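Overview (structure and organization)
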Amino acid sequence: MKKLFIDTLGCQMNKSDTERIIGMLSHFDYIVTEDEKDADLYIVNTCAIRQLSADKAYSRLGAWGKIKAEQKKKGRDVKIAIAGCVAQLEKENLLKKFPYLDLVFGSQYLYELPNLLKEIEEKRVCATDNFNAQEKEYNILRTKSVNAWLPIMEGCNNFCSYCVVPYTRGRERSRSVEAIINEAKKIIREGFKEITLLGQNVDSYGKTLEGKPTFAYLLKELDKLEGDFRIRFTTSYPTDITDEVIETVKNSSKICECFHIPMQSGNDRILHEMNRRYNVKEYSSIVKKIRENIKDVTITSDFIAGFPGETDEEFYDTIKAIDELELDYSNTAAYSPRPNTKAGKMTDKFIPEEVKKQRLQILNDKVKEMSLKSNKKYVGKTMQILIDDVKEGVYQGRTRNNKVVHVKGEFKIGDFVDVEITHVSTWCLFANKK
Ligand code: SF4
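Note that the structure is a prediction, hence the values are computed from the model and not measured.

Parameters and conventions
Residues numbered from 1 in each chain as written. Predicted model: local features only at pLDDT ≥ 70, side-chain atom pairs only at ≥ 80, totals over all residues. Helix = DSSP H or I, 4+ residues; strand = E, 2+ residues; numbered from the N terminus. Rg over C-alpha atoms; globule rule 2.2 N^0.38 Å. Buried ≥ 20, exposed ≤ 12 C-beta atoms within 10 Å, placed from the backbone. Core = buried A, V, L, I, M, F, W, Y, C linked by C-beta atoms within 7 Å. Domains from an automatic or database assignment. Contact = placed C-beta atoms within 7 Å. Pairing = 2+ DSSP bridges. Axes fitted to C-alpha atoms, helices over the stretch in contact; angles between N-to-C directions. Parallel < 35°, antiparallel > 145°, perpendicular 65-115°, else oblique. Nonpolar A, V, L, I, M, F, W, Y, C, P; charged D, E, K, R; others polar. Right-handed = clockwise from strand over helix to strand, strands pointing away. Left-handed = near helix turned anticlockwise from the far one by under 90°.

**Some points on the overall build of the protein chain**
Of the regular secondary structure elements, the protein chain holds 13 helices and 19 strands. For the protein chain, whose C-alpha radius of gyration is 22 Å, the value lies close to the compact-globule estimate of 22 Å for 434 residues. Projected onto the principal axes, the alpha-carbon positions of the protein chain cover approximately 65 × 55 × 50 Å. Classification of the 434 residues of the protein chain by burial places 43% in the buried group.

Structure below.
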């Protein structure tokens, strides 16, 4: 057996790709090792969303380059590969920059990896052309958890001005309904209790497929599957969420009451500069519609602090929007210029780092305040949780609307348990078993 050391940075899609890589390579005699000093193949699966993530990947390569040199002295030839979004973005440059790197491959080449590994026995390879390797039937070695990631579509056609995804993951492509249903059935048979559907824009599902099945149709088909499990999905583009999707979530027994809908800014001029296809009023009406239709729904979002040219007043519009929309939780980040993007070229409008930092702090304080406010709504309520972890005798589970709950008692990981919420903190709820 050959040993594989793999490091995954970034989003759930990358984590899911890594599970596929590990599963696929298990067919070719690779096993995963936790010992970083003793692998035959090193892969870093990268994220390009911020420079910080790309730098992390480069530092992994640097460390493995040293290991490779040491192993070479002992007569052992280890291989180093970089995958994912940084690979797709930087292409051959990476081979020039890191002379010890053997393979650069983009996510579209994932199913070609076994062939690429043969090729690098002879020469260094960069596989980042516009190409889409045919999905193949390999095992997927999923991380032990109650939740399984299930990609339904990949890529994005939106070209938000700050985002590299359309350049790294390419244009939108959906997997067939049949492939997704078959994978979901397998996940359920393997004992997972939650399936999270992944896509850069799940509401665009099906547009590239024959017959154009909609996301709502896919959800309904998944909801019909037998078994005791939950369905989640991420990420939604605000104005692409259809009434049918909202109705489907409302009427389903398995689909959880959560929407992750990145707003990015609470100011119309900035949204326009970001090339987002909605304004604050339109975003607000979608949130309102979801709240009116789905009881106890959790709505989460993403925000960027310090987009090029953002004034103090425009930034405070974001704080006002989070407040008024009562968003339950939001991911935040300071703006980071990315290669190829329109915003990345607005160098004369870049906001000083210090100002971005201050705005991010204010944003994070608001997010904390809203999270606590949202959690307080559930004190005294009975909620069903799915137990997913235990630490020092205290079990942790998630509600259908994705609140983390701590509860004492005797449970098994994967149990569905009814609990009564007794008190809350900023990030979690505390409960007693009913
Ligand atoms: S919708 Fe915008 S932010 Fe999201 S992946 Fe597509 S381009 Fe990037």
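The discussion continues.
**Observations regarding the nonpolar core**
Formed by 105 residues in total, the largest nonpolar core has its most connected members in Ile82 and Leu150. There are two domains that each give this core at least three residues, and those are domain 1 (2–127) and domain 2 (147–376). Those residues in contact with Ile82 that sit more than four places away from it in its chain are Val44, Thr46, Ala57, Leu61, Ala87, Leu94, Leu101 and Val104. With twelve residues, the next largest nonpolar core counts Met383, Ile385, Val407 and Val424 among its residues.

**Here's the deal with the sheet that holds strand E10 (residues 194–198)**
One open sheet holds the three strands; their spatial order is E7-E10-E11, and the pairing between them is parallel. A strand with exactly one partner marks an edge of an open sheet, and here the two such strands are strand E7 (147–151) and strand E11 (230–234). If you compare each strand with its neighbour and ignore which way they point, the axes differ by 25° on average. Judged from the five bridges that link them, E10 and E11 form a sheet pairing that is parallel. The residue bridging Thr196 from the neighbouring strand is Arg232, located in E11. Where helix H1 (residues 12–26) meets the sheet, it contacts E7 and E10, and its direction lies at approximately 95° from that of E7. Each of E7 and E10 touches helix H7 (residues 177–189); the most contacted strand, E7, lies at about 170° to it.

**Remarks on the packing of helix H12 (residues 312–325) against helix H13 (residues 353–376)**
For any two helices packed against each other, the geometry is given by the interaxial angle and the distance between the axes. Relative orientation of the contacting elements H12 and H13 amounts to 5°, with a least axis distance of 10 Å. In terms of orientation, H12 and H13 fall into the roughly parallel class. Listed contacts from H13 to Phe315, Thr318, Ile319 and Ile322 of H12 are Arg359, Ile362, Leu363, Lys366 and Met370. By residue class, the composition of the contact of H12 with H13 is six nonpolar, one polar and two charged.

**Describing the sheet that holds strand E14 (residues 329–334)**
A sheet is described by the order of its strands in space; here three strands give the open sequence E12-E13-E14, paired in parallel fashion. A strand with exactly one partner marks an edge of an open sheet, and here the two such strands are strand E12 (258–260) and E14. Put simply, the sheet's adjacent strands are angled 15° from each other on average, direction ignored. Here E12 pairs with strand E13 (residues 298–305) via three bridges, running parallel. If you follow Cys258 over to E13, its bridge partner there is Thr298. Strands in contact with H13 are E13 and E14; relative to E14, the strand with the most contacts, it is inclined by about 175°.

**A look at the pairing of E13**
Burial of E13 is extensive: six of the eight residues sit out of reach of the surface. Bridging between E13 and E14 involves six bridges; their strand directions are parallel. Bridge pairing in E14 links Phe303 to Thr332. Following the chain from E13 across H12 to the adjacent parallel E14, one finds a crossover that is right-handed.

**Some points on the domain arrangement of the protein chain**
What the domain assignment lists for the protein chain is domain 1 (2–127), domain 2 (147–376) and domain 3 (382–433). Spacing between the C-alpha centres of domain 1 and domain 3 amounts to 38 Å.

**So, the pairing of strand E1 (residues 2–8)**
Taken together, the three bridges between E1 and strand E2 (residues 30–32) define a ladder with parallel strand orientation. Paired with Lys2 across the strands is Tyr30, a residue of E2. A crossover connection joins E1 to the parallel E2 through H1; in handedness this β-α-β unit is right-handed. Sheet analysis places E1 next to strand E3 (residues 41–46), joined by five bridges and oriented parallel. Bridging from a neighbouring strand, Ile6 pairs with Ile43 of E3.

**Considerations on the environment of Gly84**
The topology assignment puts Gly84 in helix H3 (residues 84–90). Here Gly84 falls in the buried class, since 29 other C-beta atoms lie within 10 Å of it. As for Gly84 and Glu354, which are separated by 270 residues in sequence, their C-alpha atoms are 31 Å apart.

**Considerations on the packing of helix H8 (residues 215–223) against helix H9 (residues 243–251)**
The interhelical angle for the contact between H8 and H9, taken along N-to-C directions, is 15°, at an axis separation of 8 Å. Taken together, the axes of H8 and H9 lie roughly parallel to each other. As for the relative orientation of H8 and H9, their crossing is left-handed in sense. On the side of H8, the interface is formed by Phe215, Ala216, Leu219 and Lys220, while H9 contributes Glu244, Val245 and Thr248.

**Section: unusual backbone geometry**
Cis geometry is adopted by the peptide bond preceding Thr235, which originates at Thr234 and carries an omega value of 15°. The residue Thr235 is located in the loop between E11 and H9 in this model. Phi at Lys212 takes a positive value of approximately 45°, unusual for a residue other than glycine. Along the chain, Lys212 falls in the loop between E10 and H8. Residue classification places Lys212 among the exposed positions, given that 11 C-beta atoms sit within 10 Å. In this structure, Asn402 takes a positive phi of about 70° despite not being glycine. Here Asn402 lies in the loop between strand E16 (394–399) and strand E17 (404–408).

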